[in-house]
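A look at the structure
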Amino acid sequence: MSFENPGGLRADAARNRAAIIEAAGAVFRRDGAAASLEEIARVAKVGSATLHRRFPSRQSLLDAVFLDDVIRLCDEGREIASTVPAAEALWHWLGRVAVHCAADDALSKLIRGGAATATSRGESFALLQETGETLMQSAVTAGSARADIPIGELLLLVNAIADAAAGAGGDVLRLLAVIREGAKPR
């Protein structure tokens, strides 16, 4: 669980919050947005009141799960940056983002369908851009990406690829390879 301890919660409260988010992610992936909150509390091994105290609405829980997924992808990006050559790191991470977004589970379908609030989407996109920008600068320096293509545009293309591939059963990584070819320096 990569979710930070927001608002300086007590250690037990922070653990409960993280357990709820992890359980909600699993249950939302399986059952979709209408998943039983009582089932989420049971899987998280907390009481229903604890879940509702931490997340006063279903939407607030969905947003926390979406944000946690993005934080995990950003953590992966930093790990990739430290273990994969700079010329490959951006593309490796964008592949992870694309595969994650195109996953055939209920949560990914909700994300593609825009179920997160505008605030959550904005915060998530900003985190992805921050991670991507670091990887992009390294890729430009290594000669594997053009400097005139902003990371935000690449992320939008990745999202479009994930959406298209998920709907048509396309190969996300093959489609990303086409984008990579167009993003190579001339």
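Please refer to the structure higher up on the page.
Residues numbered from 1 in each chain as written. Predicted model: local features only at pLDDT ≥ 70, side-chain atom pairs only at ≥ 80, totals over all residues. Heavy atoms only, no water.

**Things to note about the side chain of Ser 124**
- By the element assignment, Ser 124 lies in helix α7 (residues 118-142).
- You can call Ser 124 buried: its relative accessible area is 8%.
- Not counting residues within four places of it along the chain, the set of residues in contact with Ser 124 comprises Leu 67 and Val 70. (Helix = DSSP H or I, 4+ residues; strand = E, 2+ residues; numbered from the N terminus. Buried < 20%, exposed > 50% of the residue type's maximum accessible area, 1.4 Å probe, protein only. Contact = heavy atoms within 4.5 Å.)

**With respect to the pattern of salt bridges**
- Using the criterion set out here, one finds eleven salt bridges in the structure.
- The partner of Arg 30 in a salt bridge is Glu 39, with the nearest N and O atoms 3.4 Å apart.
- Exposure remark for Glu 39: the relative accessible area of 19% places this residue in the buried category.
- Between Asp 68 and Arg 72 there is a salt bridge whose closest N-O contact spans 2.9 Å. Taken together, the positions of Asp 68 and Arg 72, both in helix α4 (residues 58-83) and four residues apart, correspond to about one turn of that helix.
- On the accessibility criterion, Asp 68 (3% relative accessible area) is buried.
- Residues joined by salt bridges that share partners form a network here, namely Arg 30, Asp 31, Glu 39 and Arg 42. (Salt bridge = Lys/Arg side-chain N within 4 Å of Asp/Glu carboxyl O.)

**Quick word on the environment of Val 65**
- Counting through the fold element by element, Val 65 comes out in helix α4.
- Accessibility expressed as a relative area gives 1% for Val 65, which makes it buried.
- Along the primary structure Val 65 and Thr 134 are separated by 69 residues, whereas in three dimensions their C-alpha atoms are 24 Å apart.
- The contact partners of Val 65, leaving out residues within four places of it in the chain, are Ile 21, Ala 24, Gly 25, Phe 28 and Leu 107.

**Section: helix α1 (residues 11-31)**
- Relative to the 30 Å expected for 21 residues at 1.5 Å per residue, α1 spans 30 Å between its end C-alpha atoms, a close match to the ideal helical length.
- Among all positions in α1, only Ala 13, Ala 14, Arg 17, Ala 18, Ile 20, Ile 21, Ala 23, Ala 24, Gly 25, Val 27 and Phe 28 are buried. (Expected span 1.5 Å × (residues − 1).)

**Things to note about the packing of α1 against helix α2 (residues 37-44)**
- Two elements in contact, α1 and α2, have axes whose closest approach is 8 Å; the angle formed by their N-to-C orientations is 130°. As far as their axial angle goes, α2 and α1 are oblique. For the pair α1 and α2, the sense of crossing is right-handed. Contacts from Ala 19, Ile 20, Ala 23, Ala 24, Val 27, Phe 28 and Arg 30 in α1 reach Glu 39, Ile 40, Val 43 and Ala 44 in α2. (Axes fitted to C-alpha atoms, helices over the stretch in contact; angles between N-to-C directions. Parallel < 35°, antiparallel > 145°, perpendicular 65-115°, else oblique. Left-handed = near helix turned anticlockwise from the far one by under 90°.)

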